[in-house]
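# A structural walkthrough
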Amino acid sequence: LAKTTQPISMDSYEGQEVNITCSHNNIATNDYITWYQQFPSQGPRFIIQGYKTKVTNEVASLFIPADRKSSTLSLPRVSLSDTAVYYCLVAGGADGLTFGKGTHLIIQP
Amino acid sequence: DTAVSQTPKYLVTQMGNDKSIKCEQNLGHDTMYWYKQDSKKFLKIMFSYNNKELIINETVPNRFSPKSPDKAHLNLHINSLELGDSAVYFCASSPGLAEYEQYFGPGTRLTVT
């Protein structure tokens, strides 16, 4: 079973900031939090990964509170091309490599 | 250059047949994976190999057998195909486990009739 819970779907508009939260109450000490993006008929693509606090790269930010029981993926100024399914993966070593159902993000003009 | 490639992209076959899906990565990674994504979009790990050694073998029917002839290849053979095997199968690779970014192939859509 997946170790994470995410909203099934979210809607937003072009130019907005979108925050997708993932719950992982049973996260283990050696688990990392990784977010992937998947377009229809394609394999998932890595977005960002973190262990604690905040991580930022050129496409997203990842916020992780001190207790690590949740994480928030932040996408600044989304566009129509950000419409996709976003998966939160919590895994360490050989454990936990099952993705949840993901969040279907729909961006409207 | 394609980082992780899979063949075939589509596979339609009848129940009871045996089929194989091939995966190759040119990233020099040590770890490779097979995932199954069903119609409900759950992406489930099936197997993982690290340096040709099986390290993850989830609860998968033994009709599914992975083979890793070398670090760059991980093939999936399926015997006696069943209707419930219909899904998209993704191969992935990474430099190591979990804390490393995984690179996914384009997927193989298997339809069993």
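Located above this text is the structure these notes cover.
What comes next is a walk through the structure. (Residues numbered from 1 in each chain as written. Chains lettered and ligands numbered in written order. Predicted model: local features only at pLDDT ≥ 70, side-chain atom pairs only at ≥ 80, totals over all residues. Heavy atoms only, no water.)

### As for the overall build of chain B
As a reminder, the rule being used: A run of DSSP states H or I qualifies as a helix once it reaches four residues; a run of E qualifies as a strand once it reaches two. Both are numbered from the N-terminal end. With the radius of gyration taken over C-alpha atoms, the globule rule is written as 2.2 Å times the number of residues to the power 0.38. For every residue, the accessible area (1.4 Å probe, protein chains only) is compared with the maximum for its type, and the residue is labelled buried under 20%, exposed over 50%, or partly exposed between those bounds. Working rule for contacts: check all heavy atoms of both residues, and any pair within 4.5 Å makes them a contact. Note that accessible areas follow from Shrake-Rupley with a 1.4 Å probe, and for residues the cover is restricted to the protein chains shown. In this tally Asp and Glu are treated as negative and Lys and Arg as positive; neither His nor the chain ends contributes. For this purpose, a charge sits on NZ of Lys, CZ of Arg, CG of Asp or CD of Glu.
In terms of helices and strands, chain B carries zero helices and eleven strands. Traced from its N-terminal end to its C-terminal end, chain B shows the element sequence β-β-β-β-β-β-β-β-β-β-β. Relative to the globule expectation of 13 Å for 113 residues, the C-alpha radius of gyration of chain B, 13 Å, shows essentially globular dimensions. Every one of the 113 residues in chain B was classed for burial, and the buried ones make up 44%. Counted over contacts in chain B with a minimum sequence separation of 6, partners at least 24 positions apart contribute 55%. When the accessible area of chain B is evaluated, it comes to approximately 5,500 Å², of which 47% is carbon and sulfur surface. In chain B, 12 side chains carry a positive charge and 12 a negative one; their mean positions are 8 Å apart.

### What about the environment of Y89(B)?
All names here are of chain B. Tracing the chain through its elements places Y89 in strand 9 (residues 87-94). On the accessibility criterion, Y89 (0% relative accessible area) is buried. In this structure, Y89 is in contact with Q6, I21, W34, Y35, K36, M46, F64, L76, G107, T108 and L110, ignoring residues within four places of it in sequence.

### Some words on the sheet that holds strand 8 (residues 73-78) of chain B
Residue and element names in this part refer to chain B. Rules: Strand pairing is defined by DSSP finding a minimum of two bridges between the two strands. Helix axes use the C-alpha atoms of the stretch in contact, all axes being lines fitted to C-alpha atoms, and the angles between their N-to-C directions lie in the range 0 to 180 degrees.
Spatially, 1-3-8-7 is the arrangement adopted by the four strands of the open sheet, whose pairing is antiparallel. In this open sheet, the two strands that pair with only one neighbour each are strand 1 (4-7) and strand 7 (64-70). Neighbouring strand axes in the sheet, compared pairwise and without regard to direction, differ in orientation by 20° on average. Bridging between strand 3 (residues 19-25) and strand 8 involves four bridges; their strand directions are antiparallel. Across the sheet, E24 pairs through a bridge with H73, a residue of strand 8.

### A look at the sheet that holds strand 7 (residues 70-75) of chain A
Residue and element names in this part refer to chain A. Strands sit in the order 2-7-6-5 across an open sheet of four strands; the sheet is antiparallel. Strands at the two margins of the open sheet, each flanked by one partner only, are strand 2 (18-23) and strand 5 (53-56). Neighbour-to-neighbour, the strand axes of the sheet open up by a mean angle of 15°, direction not taken into account. Alignment of strand 6 (residues 61-64) against strand 7, held across three bridges, turns out to be antiparallel. Its bridge partner lying in strand 7, S61 is registered against S74.

### What to know about the pairing of strand 4 (residues 45-50) of chain A
All names here are of chain A. Judged from the five bridges that link them, strand 3 (residues 32-38) and strand 4 form a sheet pairing that is antiparallel. Within strand 4, the residue paired with Q37 across the bridge is R45. Between strand 3 and strand 4, which pair antiparallel and follow one another directly, the connecting turn spans six residues, one of which, S41, has a positive phi of 65°.

### A closer look at the interface of chain B and chain A
So the rule is basically this: Accessible area, probed at 1.4 Å, shrinks when two parts are joined; the buried area is that loss added up over both. The term salt bridge refers to a pairing of a side-chain nitrogen on Lys or Arg with a carboxyl oxygen on Asp or Glu at a separation within 4 Å. Contacts described as polar in this section are N or O atom pairs within 3.5 Å, which, within protein, must combine one atom able to donate a hydrogen with one able to accept it, while residues neighboring in sequence count only if both atoms come from side chains. Each residue is assigned to one of three groups, with Ala, Val, Leu, Ile, Met, Phe, Trp, Tyr, Cys and Pro labelled nonpolar, Asp, Glu, Lys and Arg labelled charged, and all others, Gly among them, labelled polar.
Each partner contributes to the interface: chain B provides 22 residues, whereas chain A provides 21 residues. Here chain B meets chain A over a buried area of about 1,700 Å², counting both sides, of which 60% is carbon and sulfur. On the surface where chain B and chain A come into contact, there are zero salt bridges. Our count for the contact surface shared by chain B and chain A stands at four residue pairs in polar contact (both at pLDDT 80 or more). Secondary-structure elements contributing two or more residues to the side of chain B that touches chain A are strand 4 (31-37), strand 5 (43-50) and strand 6 (53-57) of chain B. Each residue belonging to the side of chain B that touches chain A can be placed in one class, and the counts come to 13 nonpolar, three polar and six charged.

### A short note on the state of the cysteines
All names here are of chain A. In plain terms, the rule: Disulfide assignment relies on a single distance test, namely cysteine sulfur atoms paired within 2.5 Å.
Taken as a whole, this structure holds two disulfides over all chains when the rule is applied. Covalent S-S linkage joins C22 and C88, the inter-sulfur distance amounting to 2.2 Å. Across the S-S bond linking C22 and C88, the dihedral sits near -80°, which makes this disulfide left-handed. One end of the pair, C22, is in strand 2; the other, C88, is in strand 8 (residues 84-91), and 66 residues separate them in sequence. The class for C22 is buried, based on a relative accessible area of 0%. The class of C88 is buried, set by a relative accessible area of 0%.

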